[in-house]
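Residues per chain, in single letters:
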Amino acid sequence: MFRLDVARALAVCGRTEQAGIALPAAAEQAPEEIRSRTVARNLIGELVRRDEYGRLPELRPLAVRSGVPL
């Protein structure tokens, strides 16, 4: 899935906020992909941990919906 790949690339480059914006867009487009792919759930967990200042509030609900332990 393109948007998930974009979010992963942004995260690897250290662009956490941009990745955190791209990932919910990917979940909107294909929620079953995000819930079923381990790589997507791992990325969600990683971005939640990186978001120290709470700039990406949409990530926590996405984590809960995707079954990512917080």
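What counts as what
Residues numbered from 1 in each chain as written. Predicted model: local features only at pLDDT ≥ 70, side-chain atom pairs only at ≥ 80, totals over all residues. Heavy atoms only, no water. Helix = DSSP H or I, 4+ residues; strand = E, 2+ residues; numbered from the N terminus. Rg over C-alpha atoms; globule rule 2.2 N^0.38 Å. Buried < 20%, exposed > 50% of the residue type's maximum accessible area, 1.4 Å probe, protein only. Contact = heavy atoms within 4.5 Å. Axes fitted to C-alpha atoms, helices over the stretch in contact; angles between N-to-C directions. Parallel < 35°, antiparallel > 145°, perpendicular 65-115°, else oblique. Left-handed = near helix turned anticlockwise from the far one by under 90°. Nonpolar A, V, L, I, M, F, W, Y, C, P; charged D, E, K, R; others polar. Polar contact = N/O pair within 3.5 Å; in protein donor to acceptor, adjacent residues only side chain to side chain. Core = buried A, V, L, I, M, F, W, Y, C linked by side-chain atoms within 4.5 Å.

Student: Go over the overall build of the protein, please, and point to the residues and values.
Tutor: Counting secondary structure elements, the protein contains five helices and zero strands. When its helices and strands are written in sequence order, the protein yields α-α-α-α-α. In terms of overall size, the protein behaves like a compact globule, its C-alpha atoms giving a radius of gyration of 10 Å where 70 residues would be expected to give roughly 11 Å. Counting only C-alpha atoms and orienting by the principal axes, one finds that the protein spans roughly 30 × 25 × 15 Å. Each of the 70 residues in the protein was classed as buried or not, and the buried ones make up 39%. For the protein, the share of sequence-separated contacts (at least 6 apart) that also reach a separation of at least 24 residues comes to 54%.

Student: How would you summarise the environment of I21 if you had to cite specific residues and measurements?
Tutor: Locating I21 in the fold gives a position in helix α2 (residues 16–29). For the pair formed by I21 and R41, sequence separation is 20 residues and the distance between their alpha carbons is 15 Å.

Student: Quick rundown of the packing of helix α1 (residues 2–12) against α2? Include the residues and the values.
Tutor: In contact at an axis separation of 8 Å, α1 and α2 are set at 165° when each is read in the N-to-C sense. With respect to their mutual orientation, α1 and α2 come out roughly antiparallel. When the axes of α1 and α2 are compared, the crossing they make is left-handed. Side by side, α1 and α2 meet where R3, L4, V6, A7, L10 and A11 of the first sit next to Q18, A19, A22, L23, A25, A26 and Q29 of the second. Among the residues forming the contact of α1 with α2, the class breakdown is ten nonpolar, two polar and one charged.

Student: I'd love a proper account of the side chain of T16, names of residues and values included.
Tutor: Position of T16 among the secondary structure elements: in helix α2. A polar contact of 3.2 Å, which involves the side chain of T16, links it to the side chain of R50. Those residues in contact with T16, other than ones at most four positions away along the chain, are L47, R50 and L56.

Student: Quick rundown of the nonpolar core? Include the residues and the values.
Tutor: Grouped together as the largest cluster of nonpolar side chains are 20 residues, with contacts concentrated most on L23, I34, L43, I44, L47 and L62. At the level of elements, α1, α2, α4 (38–50) and α5 (59–66) are the ones that each hand at least two residues to this core. Setting aside residues up to four positions removed in sequence, L23 forms contacts with L4, A7, I34, L43, I44, L47 and L62.

Everything listed here is a matter of geometry and, on its own, says nothing about what the molecule does.
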